[in-house]
Amino acid sequence: MEQKDIVLDVRKLNTSFISDGATVHIVKDVSFQLERGKTLAIVGESGCGKSVTVHSIVKLLPQNARFTAEQVLYRRLDEKTGGITEFDLAKMDPKGKEMRSMRGADLGMVFQDPMSSLNPVYRVGDQVAEALMEHNRGMKKSEAREKVLQMFRNLGIPDPERRIMDYPHQFSGGMKQRVVIAIAMINNPEIIIADEPTTALDVTIQAQIMELMKELQLNMGKSIILITHNIGLVAEQAEDVCVMYMGRIVEFGSLEQIFENPLHPYTKALLRSVPVLGLADDQKLETIPGATPNPASLGVGCEFADRCPERSEACSAKNVPAYEVEPRHRVRCIKFSQFKEVD
Amino acid sequence: MELNKSHASNMFQKNVRKFLRNKLAMIGMVVMLIILLMCVFAPVFTSYRADQPDFSARTQPPNLPHILGTDKLGRDVFSRILYGGRYSILIGVTGAFFGSLIGVILGAIAGYFGKLIDSAIVRLSEIFQTVPNMILILILGAVFGRSIGNLLFIFAITGWMTTFRIVRNEFIALKGETYVQVCEAFGMSKIDIMFKQILPNVMSPVIVATTVNVAHFILSEAGLSFIGVGVPSATPTWGNILNAAKSLDVISNYWWLWVVPGVVITVFVLAVNFFGDGLRDVLDPKQQ
Amino acid sequence: MLKFILKKLIQMIPMLLFISFLVFGALQLTGIDPVSYIATPDMAANQENLDLLRERLGLNQPFLIRYFNWVGDILRGNFGYSITNGTPIGVLIAQRLPATIELALISMVVSAVLGISIGIVSAIYQNSPIDYLGRFFAVLGQAIPQFFFGICLIQIFSIKLGWLPSSGRYSTYATPLRHFILPCLTLTLSLTSVLMRYSRNNMLGVLNSDYIKTARMKGISETKVYVKHAFRNAMRPVLVILCFRLPMLISGSVVIESVYNWPGIGSVITDAVIAGDYPVVMVTTLMVAASILIASFLVDVLTALLDPRVRLGEE
């Protein structure tokens, strides 16, 4: 695979939070590559650091967060010339002009809870238009309105002429999420980050929203990072999968690699705990034994060791590196130490 | 059940540790306790009585036998402040307690029964909210006369609205919970459900609100007594001591008569507020 | 919007009626016989004269009738007379209420501007020295008894420095503005502290909310995030608190009028209560309640302008 096909290359991203004078590492040495035009799913239990990871990429972290990364390289493709421009987001000031010009224009984000993602005091149309006008200075209001209307139509919001004048509280949850997607998409960014976009929605609406996102990706060639704890969703949407546990990516690979040949005990356990349609009567749904540890009290070694059915002494001796078991399939487990160590 | 208990005591230990780590709250608690204990055990700290005039020692600045000086009748300011603190603190605490009691009862009734009863009590609280406390107190003072008991009564019936709002809103939220419905299905009496099942869940914010009200009522008492409509002037409360500072003569010539009691009130109220904030951080982290 | 304003205005009527009824009822309970104040000693000796006076003042009629007569009179602009000195209450109010309203209103505006701006700056620069300083003053401002603060100001600015007068509203030796500064400062203190604390906490809450993340994700500048997206949302609960605190402002002004001899309605009420002049107490209380209702109505309108959910009648 050529470098220019990797739209986002994250290397050794670390984020920690300072609370009550203590530093808690939430994201540890996270590295992954997002391919252009593909969907990468980041899966894991709640609290595993998947949301903090993407918030670190767009640099929207709370005051008490500390962030370092070797690189967060974004390769912008010029559609006309086919040329590539590289930007290292890791080096940008979170509140600086450079970073702001990336947000919205090159990176769009859809948040978890549509109920609270829209400003209650402004009309939805204006909120979408604001994102548009910010990156297109001097655009006429009427022109912006046309674009917003077109976007609403694309997203299947009925009666857009009337709806753009409404306030968020007049929208249902699913419709609100469409507006949030409209805000994320209006500048036609290359990367869309969707942070559990359907968790807060009804099941039927979930399906609609996910279908919509898939469509947008297929028709407009977007690269998507999808954060979820819903394995079913991953199977439907993603090409590549990152499995995260307690701040680390424990396994990374293509959808087939992860689903057909899961290597890490945590990945295996995760897949076994998902209900599948047509589950045989005598087949029991498994749970992962033990509870998620407190990130503040973790020692060295594999974070999953305490709950792992295949653990050995060596697991807790030192931090486990990632091993490349087959091309692009990496796993952070000591059982595979005969393979090549990668960072 | 055992597990539950150890969990609860863990929570408690955690909360205590959190409180102990909060420096301001600890300072507040210590200062509050020091002033409180000095007032309660006033005779240990001073040999003068609060109402003992000594015409040979009038308006003396702070000196050795009278460490905070004497007032116009030769009474020892230090002992007046200590004995006055007994009344002021007692008024603050009792007023806040009864205010919260009314608030809890009305809030529970309004929140649990809802509908007409709820809207009637809410309206009532809005009206109490609209009429300035001070004027209500003035009018009620005219109706019932001036005494500590009446002042407490007035504080109680003008200080229940905050607790009421908290309790009512929580009750409305908790009423729909499954455990309440289970209790109802078992035929538990309404009173038991209200006060034994739901109420314990709302006690934390109520305790915090009561603490805040203690400080508020100590300030109110001082204000009312200062303008001469609070506690009868024969009783040495902090407000009555400051009442002396109504004349420019006292303000400019006898600073110890007003600076000292003023600073004591401020420090005590400050301490109670810090303590209350610390409690809130521990008990009720949602509200700020 | 018009519907909202009308609805709010109509809601005020039963409130006022109920308050007037309470006030009227409470004062009937005092059992003070107003006739005993009016009658001169030689008149009082004659029972017939007393009865006649009672008749003339309508004191013999049943409670409800007297109440409705009284409300009717007020609606016609006839506020009645003080029973201690015969002054028309309308005149008394015209003389004194403006002084209180001036003090309370300007203090409200000053504390709103000060409290909200300091609170918001504190929130934006959370845990910076500015924030600590602001929080320190907010806590202190809520702990100092208002009158004590007033006395301190008198001691410093009137007695020691001689810059500002210590009492009254008008005088030959100082401009009205200089008379106004100390009372206003004193009254402003606690409300400013309260609003500072609330604005800070609300602003912090809003800045942590998802729609601020959405706004930042659009790439707009921090200034725009604060001014356009955070401010309006943070202000709504602050206005509600302001509304709740209005009566306290009046309470505070009663005390402050006493400290600075400010010729406002507070001293009228205090004197009338002590003298048992109940027509005066009733009408002045009603006026104060009405002023508060009007002020909270204005705050409601402002809230509705800020927040479409209120304006469109949904919560």
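This structure is a prediction, so every number in the text was calculated from the model and none was measured. (Residues numbered from 1 in each chain as written. Chains lettered and ligands numbered in written order. Predicted model: local features only at pLDDT ≥ 70, side-chain atom pairs only at ≥ 80, totals over all residues.)

1. Section: the overall build of chain B
The test is simple: Elements are defined by DSSP. Helices are runs of H or I of four residues or more, strands are runs of E of two residues or more, and each kind is numbered from the N terminus. We call two residues in contact if the C-beta atoms placed from their backbones are at most 7 Å apart.
Assigned secondary structure in chain B consists of 14 helices and zero strands. Listed N to C, the secondary structure of chain B is α-α-α-α-α-α-α-α-α-α-α-α-α-α in terms of helices and strands. In chain B, once contacts between residues fewer than 6 apart in sequence are set aside, the share between residues at least 24 apart is 69%.

2. As for the overall build of chain A
Basically, it comes down to this: Every radius of gyration here is taken over C-alpha atoms, with the globule rule written as 2.2 Å times N^0.38, N being the number of residues. Exposure in this text rests on C-beta crowding, where 20 or more other C-beta atoms within 10 Å of a residue's own make it buried, 12 or fewer make it exposed, and counts in between make it partly exposed. The C-beta atoms are placed from the backbone.
The secondary structure content of chain A amounts to eleven helices and 13 strands. On C-alpha atoms alone, chain A measures out to a radius of gyration of 21 Å, which is about the 20 Å that the 2.2 N^0.38 rule sets for 343 residues. Taken over the C-alpha atoms alone, chain A extends approximately 65 × 50 × 45 Å along its principal axes. Residues classed as buried in chain A amount to 43% of the 343 residues present.

3. Remarks on the interface of chain B and chain C
To keep things clear, this is the line we draw: Three categories are distinguished: nonpolar for Ala, Val, Leu, Ile, Met, Phe, Trp, Tyr, Cys and Pro, charged for Asp, Glu, Lys and Arg, and polar for the others, with Gly belonging to the last.
Contact residues are listed per partner, giving 32 residues for chain B and 38 residues for chain C. Of all the secondary-structure elements, those providing two or more residues to the side of chain B that touches chain C are helix H5 (115-130), helix H6 (133-144), helix H11 (203-227), helix H13 (248-253) and helix H14 (259-283) of chain B. By residue number, the principal contributor to the side of chain B that touches chain C is H6(B), which donates eight residues. Looking at side-chain class alone, the side of chain B that touches chain C contains 22 nonpolar, ten polar and no charged residues.

4. Focus: H11(B)
Residues and elements named next belong to chain B. The following threshold applies: To estimate the expected span of a helix, subtract one from its residue number and multiply by 1.5 Å.
With 25 residues, H11 extends 35 Å between its outermost C-alpha atoms, agreeing within 8% with the 36 Å of an ideal straight helix rising 1.5 Å per residue. With respect to burial, H11 is a largely interior element, 22 of its 25 residues being buried. Positive backbone phi, approximately 90 degrees, marks Gly228, located one or two places after H11.

5. Overview of helix H7 (residues 173-185) of chain A
Residue and element names in this part refer to chain A. With 13 residues, H7 extends 18 Å between its outermost C-alpha atoms, agreeing within 8% with the 18 Å of an ideal straight helix rising 1.5 Å per residue. Extensive coverage of H7 is indicated by the burial of eleven of its 13 residues. Of the residues making up H7, those classed as buried are Met175, Lys176, Gln177, Arg178, Val179, Val180, Ile181, Ala182, Ile183, Ala184 and Met185.

6. As for the environment of Pro62(B)
Relative to the helices and strands, Pro62(B) is located in the loop between helix H3 (42-45) and helix H4 (77-113). Here the alpha-carbon distance between Pro62(B) and Val77(B), two residues 15 residues apart in the chain, equals 9.0 Å.

7. Thoughts on the nonpolar core
Inside soluble globular proteins, nonpolar side chains tend to come together where they are buried. Note the cut-off: Here, a nonpolar core denotes buried Ala, Val, Leu, Ile, Met, Phe, Trp, Tyr and Cys residues that are linked to one another through C-beta atoms within 7 Å.
One finds Val128(A), Ile225(A), Cys242(A), Val243(A) and Ile218(B) to be the most contacted residues of the largest nonpolar core, which totals 238 residues. Setting aside residues up to four positions removed in sequence, Val128(A) forms contacts with Val148(A), Met151(A), Val179(A), Ala182(A), Ile183(A) and Ile186(A).

8. Examining the pairing of strand E2 (residues 22-35) of chain A
Residue and element names in this part refer to chain A. Put simply, the rule is: Any two strands between which DSSP finds at least two bridges are classified as paired.
With ten bridges connecting them, strand E1 (residues 6-19) and E2 associate as antiparallel partners. Residue pairing across strands places Phe17 opposite Val24, the latter belonging to E2. In this structure, the hairpin formed by E1 and E2 is closed by a connection of two residues, where Asp20 is found at a positive phi of approximately 55 degrees.

9. A short note on the sheet that holds E2(A)
Residue and element names in this part refer to chain A. Quick note on the threshold: Each axis is a line fitted through C-alpha atoms, and for a helix only the stretch in contact is used; angles between axes span 0 to 180 degrees, taken between their N-to-C directions.
Here we have four strands laid out as an open sheet, ordered E2-E1-E4-E5, and antiparallel in their pairing. Of all the strands in the sheet, just E2 and strand E5 (84-88) have a single pairing partner and so form its edges. Averaged over all pairs of adjacent strands, the angle between their axes in this sheet comes to 10 degrees, without regard to strand direction.

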